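Single-letter residue listing:
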Amino acid sequence: MNNSSFSLLSRNQDIKIDTNLITANFDGLKSFLNIVISFVYNRPSKEIVFDVVSISAKLKFQNPDMFLSETVLFAGYSIKEDETKESDSFNFILDDKAISVIEKY
């Protein structure tokens, strides 16, 4: 499990990726990497409600530092509780360059 966080409205929002849930697919035309990402959204105060309309995610190779793919997902969440947990499946399209980087390293 890989964990990270980001700040939104002065509160930490947690991200978790279970590496056991990463799958690769090939449909005959394109290669895909499917990654399930879990989010824990923390509401900054009882007076604030916020919506998560879409989520943009980038797939990067860590060493060497290379951009591989990007995807945008319609989320449609309304964060009304102090802590809201959501999970989404992101499909990253891998082009020939991304596949060769993955194979090389």
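That block above? That's the structure.
Here the structure is a predicted model, which is why all the values come from computation and not from measurement.

Asker: I'd like to hear about the nonpolar core, residue by residue, with values.
Answerer: Soluble globular proteins tend to bury their nonpolar side chains together. If you look at the biggest cluster of nonpolar residues, it comprises 20 residues, and the most contacted ones within it are Tyr41, Val52, Ile55, Leu59, Tyr77 and Phe90. When residues of this core are assigned to their parent elements, the largest contribution, 6 residues, is made by strand E5 (residues 50-61). Once residues lying within four places of it in the same chain are set aside, the contact partners of Phe90 are Leu33, Asn34, Ile35, Ile37, Phe39, Ile55, Ala57, Thr71 and Leu73.

Asker: Let's hear about the pairing of strand E1 (residues 2-8): which residues, and what values?
Answerer: Two faces make up the sheet, and in a regular strand the side chains alternate between them. Looking at chain direction, E1 and strand E2 (residues 11-17) are connected through 7 bridges and run antiparallel. Residue Asn2 lies in a different strand from E2, and its bridge partner there is Ile17. Hairpin connection between E1 and E2: a loop of 2 residues separates the two successive antiparallel strands, and Leu9 in this loop has a positive phi of roughly 55 degrees.

Asker: Describe unusual backbone geometry, listing the residues and the values that go with them.
Answerer: Note the cis peptide between Asn63 and Pro64, where omega equals 10 degrees. The residue Pro64 is located in the loop between E5 and strand E6 (66-79) in this model. Of note in this structure, Leu9 is not a glycine but carries a positive phi near 55 degrees. Here Leu9 shows up in the loop between E1 and E2. Classification of Leu9 as partly exposed rests on a relative accessible area of 43%.

Asker: Could you give me a rundown of the environment of Phe90, with the residues and numbers involved?
Answerer: When you line up the elements, Phe90 lands in strand E7 (residues 83-94). What makes Phe90 buried here is its relative accessible area of 1%. Separated by 17 residues in sequence, Phe90 and Leu73 have C-alpha atoms that sit 7.2 Å apart.

Asker: Can you break down the pattern of salt bridges residue by residue, with the values?
Answerer: Tallied over the full model, the rule gives 4 salt bridges. Residues joined by salt bridges that share partners form a network here, namely Arg43, Lys46 and Asp82.

What counts, and at which threshold
The numbering scheme is per chain: residues are counted from 1 as the chain's sequence reads. Per-residue local features of the predicted model are confined to residues with pLDDT of at least 70, and side-chain atom pairs are confined, for both listing and counting, to 80 or more; whole-chain, interface and lining totals are unaffected and use all residues. With hydrogens and water excluded, all non-hydrogen atoms of the structure serve as input to the side-chain values. Joining through side-chain atoms within 4.5 Å is the link that ties buried Ala, Val, Leu, Ile, Met, Phe, Trp, Tyr and Cys residues into a set, and such a set is a nonpolar core. Think of it in three bands: with a 1.4 Å probe and only protein chains considered, a residue is buried below 20% of the maximum accessible area for its type, exposed above 50%, and partly exposed in between. Strands here are runs of E lasting at least two residues and helices are runs of H or I lasting at least four, both read from the DSSP assignment and numbered beginning at the N terminus. Residues count as neighbours in contact if any of their non-hydrogen atoms are within 4.5 Å of one another. The pairing criterion for strands is at least two bridges between them, as found by DSSP. Salt bridges are defined by distance alone: a side-chain nitrogen of Lys or Arg within 4 Å of a carboxyl oxygen of Asp or Glu.

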